[in-house]
Each structure stands twice: as structure tokens, then as C-alpha cells.
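Understanding the architecture of this molecule
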Amino acid sequence: MSHEIRTPMGAILGFSEMLLTKSAEECARVGCIQIIRRNSLHLLELIDEILDLSKVEAGQMKAELTSFDLPELLSEIVSLVAPRAKEKGLAFGVRFLDPIPRLIQSSSMRLRQILLNLLGNAVKFTESGSVEMKIADEGTGGPNIVLSVEVTDSGIGMTPEQLARLFVPFTQGDASITRKFGGTGLGSDNQQAVGPHPGR
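Residues numbered from 1 in each chain as written. Predicted model: local features only at pLDDT ≥ 70, side-chain atom pairs only at ≥ 80, totals over all residues. Heavy atoms only, no water.

**Focus on the sheet that holds strand β2 (residues 91-96)**
Taken together, the three strands give an open sheet; going across it, the order is β2-β4-β5, and neighbouring strands pair in mixed fashion. On the outer flanks of this sheet lie β2 and β5 (147-153), each paired with one strand and no other. Along the sheet, successive strands turn relative to each other by an average axial angle of 10°, direction set aside. Packing of helix α5 (residues 70-87) onto the sheet brings it into contact with β2, β4 (130-137) and β5, and relative to β2 it is tilted by some 165°. Strand contacts of helix α6 (residues 108-124): β2, β4 and β5, with the helix running at about 15° to β5, the strand carrying the most contacts. (Pairing = 2+ DSSP bridges. Helix = DSSP H or I, 4+ residues; strand = E, 2+ residues; numbered from the N terminus. Axes fitted to C-alpha atoms, helices over the stretch in contact; angles between N-to-C directions. Contact = heavy atoms within 4.5 Å.)

**What about the packing of helix α3 (residues 32-51) against α6?**
Their axes nearest at 12 Å, the elements α3 and α6 cross at an angle of 105°. As far as their axial angle goes, α6 and α3 are roughly perpendicular. In this structure, α3 uses Asn-39, His-42, Glu-45, Leu-46 and Glu-49 to contact α6, whose residues at the interface are Met-109, Arg-110, Arg-112 and Gln-113. Grouping the constituent residues of the contact of α3 with α6 by class yields two nonpolar, three polar and four charged. (Parallel < 35°, antiparallel > 145°, perpendicular 65-115°, else oblique. Nonpolar A, V, L, I, M, F, W, Y, C, P; charged D, E, K, R; others polar.)

In C-alpha cells form, the structure reads like this:
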């Protein structure tokens, strides 16, 4: 959960700094206050889950299915990740391989967490080049939406030995990864740390 907290806290601090240093017009154009509010609400949700940790330990954590606007969620995620990619000089883009529905029924919080983790780590472990998110509906023509999201980057990659340790809690590829990139390596049985790089 400490890993999850860093993303909204980073956004809140970053856009708060913009409010202090940039003009009111630029902050309004970027939507600083709205982004801070969204991330504050997301942080509150995470804190609620920390306080209810007994459910996780008992294997009773459930995803709450709600109807939400998928393009809006994706736009919000991109707005958080794109500035970080730009700071590092990385090309960043989203490609839709199929038409996607506007409204879907899923857990918006879980989807947001997963995509932010994947994209955040892709940017973190990529020194130069690009990060791209591809989105497809593999359930096209069927009764259900099967959303497929693939994140690719030109980062450091993983060896077969590192891949074998991908879901071992608090494990990274090697000590040099931690020294250079930081992080705790939170791979675990819940498989929220999926990705082609150490530390995811």
C-alpha cells in the first residue's frame, strides 16, 4: 500500500507546486485543482483500504463493480503520467487497436491502480526512447467487453532469472536496480506488480 500511496501523493505535491509557481491561467489550463482533488479522493480510498487490512489478510478483499466512463479514466491516467515522461524526454503515447466502449462495468479504482503502476514503472525504468500503452477490446462481437492493455517501453528489461522472481514480495532484479531507481519491489501473489522490468 505504501507503493500505491506514492502515486497520488506525487501528483498532489507536483500540482500543488504548480499552483505556487505558475500563473493562474496556466494552472487553470492544466486543471491543477481538479487533478489534486481527484488524487486526494483516490488517496482517501487507499487509506480506507489500509484501515480495513484485515479483509486483505483474510482473503476477503472484493472489487466493487460500478459503471464508469472508460475514456475519462484513461485521460486522467495519461494526464498524470505524460508530464513525468516529458520530463525525461521520452516519447509517450496511447494507441487504440479497437473501438472501445464509453461506459464499462468494472472496478475503476483497481483498473486505475494497475495502469498507473504499469505506466509509472515503465517511465521510471526507461532512461531514453519511448513508452506506449496499447488498448484493445478482445471481446469484440461477443456479449462481454474484454479489455486488453499492453504497456511497452525501451527500458532496461529483465533477464529470465529476474522474471522467475517477479512475484516474490519485496524483490527487485538486483541491488543495483534499487540503488539507481529506488523502490521496494512489491511483486506478490496478488500479481498487481506485472511488468517487464525489475521492481514492478
